Each structure stands twice: as C-alpha cells, then as structure tokens.
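Residue strings, one per chain:
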Amino acid sequence: MKIFVTVGHTHYDALFKAVDEQLSPEKYQVINQISDGTYFPENHKYFKYTPQLQDEINNADLVITHAGAGSVFYLLEIAKPLLIVPNFDRIDNHQKDIADFVTQNNYASVCYDLEQLEKHVLASVNHSFTQYEKNNFCGYDKILDIINNA
Amino acid sequence: MLKNRPEVILMVYGKGGHAAQMARFIDRAPEELKNKQLIALTDVKTKDKLFSHQFYCVEARDKFSYIKNLVVFVLYFFWALAQMIHILSKYRVITMISTGPGVAVIPAIICRLFGIKVIYFESWSRIFTPSIAGKIMYRIANLFFIQHKSLQKFYPKSSFFGRL
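For clarity, every value in this text was computed on a predicted model and none was experimentally measured. Numbers given to residues run from 1 along each chain, matching the order in which its sequence is written. The lettering of chains begins at A and the numbering of ligands begins at 1, in the order of writing. Only residues with pLDDT of 70 or above have their local features reported here, since the model is predicted, and side-chain atom pairs are shown and tallied only from 80 upward, although totals for entire chains, interfaces and linings are computed over all residues. With hydrogens and water set aside, each side-chain value is computed from the structure's full complement of heavy atoms.

Our focus in this paragraph is the interface of chain B and chain A. In this assembly, 39 residues from chain B lie in contact with 34 residues from chain A. Summed over both partners, buried area is the accessible surface (1.4 Å probe) that two parts give up on being assembled. Approximately 3500 Å² of surface area, both sides summed, lies buried where chain B meets chain A, with 66% of it carried by carbon and sulfur atoms. Salt bridges are defined by distance alone: a side-chain nitrogen of Lys or Arg within 4 Å of a carboxyl oxygen of Asp or Glu. Inspection of the region where chain B meets chain A yields one salt bridge. Between Arg 24 of chain B and Glu 77 of chain A there is a salt bridge, with the nearest N and O atoms lying 2.9 Å from each other. In what follows, a contact means two residues having at least one pair of non-hydrogen atoms within 4.5 Å.

Structure follows, in structure tokens:
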C-alpha cells in the first residue's frame, strides 16, 4: 500500500516516529512530509515540503494527515481515502474540533492513540465512510455592500 | 501626499489553513471584488501574486508554548503597529478582510480607529469551540462570519453563509 503522510506547516515528530516504527517497509511504501520536525524516519522516504503536494496525494492509496483544517477539508472534498491523526502537542483545541467533526459525521477514520496506528490504517481503507458535501461560501454580496459604502 | 493614496482592500491572514482560506476566498470572489487592488499583511514569507504588495508581520502567538507567548506578543504588537503605519501612509484602505488568526487583532483595532470597516472569518477549523482570536475579533469586526452553524451559540450576531 502506498501511503503519504503530511502535516502541513506544523511539526509532529510523534506521528512520524509511530509511522516509522509500526508501518513496515515490506508492507507499506510510505512518503513523509515532515515540515520542520526533528524526527527523521529511518525506514521510509521523507522531505520537509514539496511543491508537488498534489502529485504525492494522487499517487498515494491512503493519506495520513494531522487534523489541520486546510489539509482535512481539501482531502475530504477530493474524497481521498484518509486517516486523520490529531496533534495534541499543540496547546489549543484546534485539532480536536476537526477530529470530532469528522468522527461524528463518519467522514473518515480518526486515530486518537498513536500506538494503534497500523490498526487505523487498515480501518481507513476497509471501512466505508459518508461522502463529505460542501456548502460553498455565498456571502460576497454582504462584503461588497461594505466595500462599496466605504 | 495623503490625498493621492491608491484605494486598496487590506487582506490579513496567517500561514497554513488561514492562507488556504484566503486563497479560496479570493479565488471564488466575484469580478467586482477581484478588480479592486488587494494588498496583504501576513506572516507568510513567500510572495503571492494575488496581491499588488505584500507586507510581512510576525505571528501573534506561539502554537506550542505559553511561556514564549508573552515575548512573541510584544514583538508582534510593535511589528504590526509599524507595518500598519507604513500601510496607512501609502494607501487608502477601504476595508480590511481577515481569515485569522491572531495576526489580525492589532491591524483590526487600528483600522477601526481610522473608521475602516473590518470583516473577519472565524476559522473553518472551529466547529464546537470558539478560538481566542475569534472571541477578540467578534468584538472588533463589523461583519463576522462563522463557517459552521454550531458556533452560532457563541457568536449570536455572527453571519453564516457556508464554508470557504
């Protein structure tokens, strides 16, 4: 299975350590986007950032992502098989909201316990999930009212 | 000199998801809005071709540590203040639009002091709990959008018009 792991712009060493330790290179071909993290995977390929993010996503069978909204909403919109691993190292609740939202709506698999990562990887590709439907922003007229009356 | 300043809309945003929301906001905007001159104030360092000019500001808070936050905030305060003086002397800002986060607070206060209207989007990552930046900006902004209806109970006067 080809897996792409991405954390956007925040470091998340614990996730890459779990990937490296639990996903054996014999079974999984993993590419890690580690941002400015300081854990460097030994069993799989990694880089900090790439301008070819779309290609990496398209080539993967499964994407593992932190619960950053930008990554999560984009991946849900393109209906990519997805495993979300919230980053609780961060001091705000930001990632918990997204993770709970996805869990409650059954949009994708969420892993709250890094020790169970491989089990969640298998669940992400084997379970069926609800298709995410987006309600596009339509408030531009209210904004133009303000701009034009300025 | 101040009389001939070009009219601009000031877009304020942080990196990561906030930049993504701003890019989506502009991408799907009607031509009438896209045809205005847009300038940016952001903690993103790479230049974005959407804007005629991009001003840099440090982040308002550290995401991983409370202790660093105070130092970071003081630095942010003066940085944002200096950039806003620079921006307002060069341009006539007609409206400020922000997709967060905290980087918007000082520019928004300065805009309101100069009678410039402020529009703020609470981040799409906020579904069950309001953000610190959102709670502050709710009091400052003239128009406050939420992107999940579930936040209405925290922001009774907010507007919901879907998600960026």
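Now for unusual backbone geometry. With an omega of -5°, the peptide bond between Gly 100 of chain B and Pro 101 of chain B qualifies as cis. Each helix is a run of H or I in the DSSP string that is no shorter than four residues. Each strand is a run of E no shorter than two, and both are numbered from the N terminus. Inspection of the secondary structure assignment puts Pro 101 of chain B in the loop between strand 4 (92-98) and helix 4 (105-113). The phi torsion at Ser 35 of chain A lies on the positive side, around 55°, for a residue other than glycine. Relative accessibility under 20% of the residue-type maximum defines a buried residue, over 50% an exposed one, and the middle range a partly exposed one, all with a 1.4 Å probe and only protein chains included. Given the relative accessible area of 0%, Ser 35 of chain A is considered buried.

Here we come to the packing of aromatic side chains. Pairing of aromatic side chains here covers Phe, Tyr and the six-membered ring of Trp, requires ring centres within 6.5 Å, and sorts the geometry by plane angle: under 30 degrees stacked, over 60 edge-to-face, intermediate tilted. Applying the stated criterion across every chain, the model contains 24 aromatic pairs over all chains. Ring centres of Phe 137 of chain A and Phe 121 of chain B lie 5.1 Å apart, and the angle between their planes is 70°; on these two criteria the pair is classed as edge-to-face. In this pair, Phe 137 of chain A sits in the loop between helix 5 (117-126) and helix 6 (140-148) while Phe 121 of chain B sits in strand 5 (residues 117-121), so the two residues belong to two different chains. A relative accessible area of 0% means that Phe 121 of chain B is categorised as buried. Their ring planes at 90° and their centres at 6.4 Å tell us that Phe 55 of chain B and Tyr 91 of chain B sit as a pair that is edge-to-face. In this pair, Phe 55 of chain B sits in strand 3 (residues 53-56) while Tyr 91 of chain B sits in the loop between helix 3 (66-90) and strand 4, placing the two residues 36 residues apart along the sequence. Each member of the pair, Phe 55 of chain B as well as Tyr 91 of chain B, carries the same accessibility label: buried. Through successive ring pairs, a cluster of aromatic residues spans Phe 137 and Tyr 140 of chain A together with Phe 25, Phe 121, Phe 145 and Phe 161 of chain B.

Grouped together as the largest cluster of nonpolar side chains are 35 residues, with contacts concentrated most on Leu 10, Leu 41, Tyr 76, Met 84, Ile 87, Met 96 and Met 137 of chain B. Secondary-structure elements contributing two or more residues to this core are strand 1 (7-13), strand 2 (38-42), helix 3, strand 4, helix 4, strand 5, helix 5 (132-140) and strand 6 (143-146) of chain B. Beyond its immediate chain neighbours, meaning those up to four positions away, Met 84 of chain B contacts Leu 10, Leu 41, Pro 107, Ile 110 and Cys 111 of chain B. The term nonpolar core refers to a set of buried residues drawn from Ala, Val, Leu, Ile, Met, Phe, Trp, Tyr and Cys, joined through side-chain atoms within 4.5 Å. Counting residues in hydrophobic clusters, the runner-up holds 26 residues, among them Tyr 140 and Leu 144 of chain A together with Met 11 and Tyr 13 of chain B.

A few words now on the side chain of Thr 10 of chain A. Mapped onto the fold, Thr 10 of chain A is located in the loop between strand 1 (2-6) and helix 1 (13-22). By the criterion applied in these results, polar contacts are pairs of N or O atoms within 3.5 Å in which, for protein atoms, one can donate a hydrogen and the other can accept it, and in which residues neighboring in sequence qualify only through two side-chain atoms. A distance of 3.4 Å separates polar atoms of two side chains, one belonging to Thr 10 of chain A and the other to His 66 of chain A.

With that settled, consider the sheet that holds strand 3 (residues 45-47) of chain A. Residue and element names in this part refer to chain A. Spatial ordering of the open sheet is given by 3-2-1-4-5-6, a layout of six strands whose pairing is parallel. Every other strand in the sheet has two partners, leaving strand 3 and strand 6 (109-110) as the edge strands with one partner each. A pair of strands is labelled paired if DSSP reports no fewer than 2 bridges between them. As paired elements, strand 4 (residues 62-65) and strand 5 (residues 82-84) share three bridges and run parallel to each other. Bridge pairing in strand 5 places Val 63 opposite Leu 82. Throughout, an axis means a line fitted to C-alpha atoms (over the contacting stretch in the case of helices), and angles, computed between N-to-C directions, take values from 0 to 180 degrees. Relative to the sheet, helix 1 contacts strand 1, strand 2 (29-33) and strand 4, its axis offset from that of strand 2 by approximately 165°.

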